[in-house]
Amino acid sequence: MNITLDTGRCTGHGRCYSLAEDLFDCDDRGYGTVIHPEVPVGLEAQARMAAANCPETAITIES
């Protein structure tokens, strides 16, 4: 499973790194960044939760 974050759509709500801190972090302006583009085993639920809760639907998951 891979995750990507469309930085052009991200407005910095911070839900991704609040809900999935093992997969996302924030930059110096509070916008989300992906720590692990290839989701480690056991963190798939975190990836799905972050994607489902992104207000801008900026997170994409691919199998």
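A brief look at the structure comes next. (Residues numbered from 1 in each chain as written. Predicted model: local features only at pLDDT ≥ 70, side-chain atom pairs only at ≥ 80, totals over all residues. Heavy atoms only, no water.)

As a further point, take the overall build of the protein chain. Assigned secondary structure in the protein chain consists of two helices and four strands. For 63 residues, the compact-globule estimate of 2.2 N^0.38 gives 11 Å, and the C-alpha radius of gyration of the protein chain, at 10 Å, lies within 12% of that figure. Each of the three principal axes of the protein chain carries a C-alpha extent, and together these read 30 × 20 × 15 Å. Burial analysis of the protein chain (63 residues in total) assigns 30% to the buried set. Sequence separation of 24 or more characterises 55% of the internal contacts of the protein chain that already satisfy a separation of 6 or more. Surface summary for the protein chain: the accessible area is close to 3,900 Å², and the carbon and sulfur share equals 46%. A distance of 9 Å separates the average location of the 4 positive side-chain charges in the protein chain from that of its 10 negative side-chain charges. (Helix = DSSP H or I, 4+ residues; strand = E, 2+ residues; numbered from the N terminus. Rg over C-alpha atoms; globule rule 2.2 N^0.38 Å. Buried < 20%, exposed > 50% of the residue type's maximum accessible area, 1.4 Å probe, protein only. Contact = heavy atoms within 4.5 Å. Areas by Shrake-Rupley, 256 points an atom, 1.4 Å probe, with all protein chains shown as cover. Lys, Arg positive; Asp, Glu negative; His and termini not counted. Charge placed at Lys NZ, Arg CZ, Asp CG, Glu CD.)

Let us look at the nonpolar core. Generally speaking, a soluble globular protein has its nonpolar side chains buried in company with each other. Core analysis: the largest hydrophobic core is formed by 14 residues, its most contacted members being I3, L23, F24, V39, A50 and I59. The set of elements that each furnish at least two residues to this core consists of β1 (2–5) and α2 (44–53). Among the elements that make up this core, the one with the highest residue count is α2 (three residues). The contacts of L23, once residues within four sequence positions are left out, are I3, T33, V34, I35, H36, V39, P40, L43, Q46 and A47. (Core = buried A, V, L, I, M, F, W, Y, C linked by side-chain atoms within 4.5 Å.)

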